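Examining the three-dimensional arrangement
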Amino acid sequence: MLKIIYKPKLLRSIATRMLSNRKAFGVVEMIVSLILIGTLMASTIPLIGLLNAQQAQSHRQMIDQQIALNLVEVLQAVPPDQIQTQAQLDELAKSIDPNSQRQIEIKAAEPDDLNRIRFDISIIEAGNDQSKPIRLSTWRTLSGGTNE
């Protein structure tokens, strides 16, 4: 009967000598590392694009909100006799941001019992169906009294 002698120290020393003599990556290690790097890049590049799109949309919304607030200030400052028709309101909306890619709409409601009028402002980005429109309302006293 043949007896096999197992010597773990001898096998370990052979393996460590083989590993210590290697001076470069092997082909298999290089392929595995390229696959890992490719997988990481394939998963992060779409995320970076999504973050850039969200940042751009947030920036556009911030600009739209600032335009709406500027429009409210202009509506409060303009004398009541200059904003009596819808055409005058449209002209006022165009003067706020003349070269804009946005649709700015101002609609006036009928004056109430306190001689106030409500203006509904809507800002929509032209050509972008996914963006949410900015909408707000403001009240303006027509004569005699303070603005709210």
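The following paragraphs examine the structure supplied in this document. (Residues numbered from 1 in each chain as written. Predicted model: local features only at pLDDT ≥ 70, side-chain atom pairs only at ≥ 80, totals over all residues. Heavy atoms only, no water.)

What follows concerns the packing of aromatic side chains. Summed over the entire model, instances satisfying the criterion amount to zero aromatic pairs. The ring of Trp-139 has Arg-116 sitting right over it, with the charged end atom 4.5 Å from the ring centre. (Phe/Tyr/Trp six-rings, centres within 6.5 Å; stacked < 30°, edge-to-face > 60°. Lys NZ or Arg CZ within 6 Å of the ring centre and 35° of its normal.)

For the rest of this paragraph, the subject is a nonpolar patch on the surface. Together, Phe-25, Met-30 and Leu-34 line one region of the surface with nonpolar side chains, adding up to about 350 Å² of accessible area. Within the fold, Leu-34 resides in helix α2 (residues 27-77). (Patch = residues over 30% accessible without salt bridge, like charges linked within 9 Å, V, L, I, M, F, W, Y side chains within 5 Å. Areas by Shrake-Rupley, 256 points an atom, 1.4 Å probe, with all protein chains shown as cover. Salt bridge = Lys/Arg side-chain N within 4 Å of Asp/Glu carboxyl O. Helix = DSSP H or I, 4+ residues; strand = E, 2+ residues; numbered from the N terminus.)

What the three strands build is an open sheet, ordered β1-β2-β3; its pairing is antiparallel. Pairing within the sheet leaves two strands with one partner each, and these edge strands are β1 (102-108) and β3 (134-141). Taken over all neighbouring pairs, the strand axes of this sheet differ in orientation by 20° on average, direction set aside. Here β1 runs beside strand β2 (residues 116-125); their pairing, made up of seven bridges, is antiparallel. Its bridge partner being in β2, Arg-102 is matched across the sheet by Glu-125. Contacts from α2 reach β1, β2 and β3 within the one sheet, and its direction differs from that of β3 by about 10°. The strands touched by helix α3 (residues 86-96) are β1 and β2; relative to β1, the strand with the most contacts, the crossing angle is about 145°. (Pairing = 2+ DSSP bridges. Axes fitted to C-alpha atoms, helices over the stretch in contact; angles between N-to-C directions. Contact = heavy atoms within 4.5 Å.)

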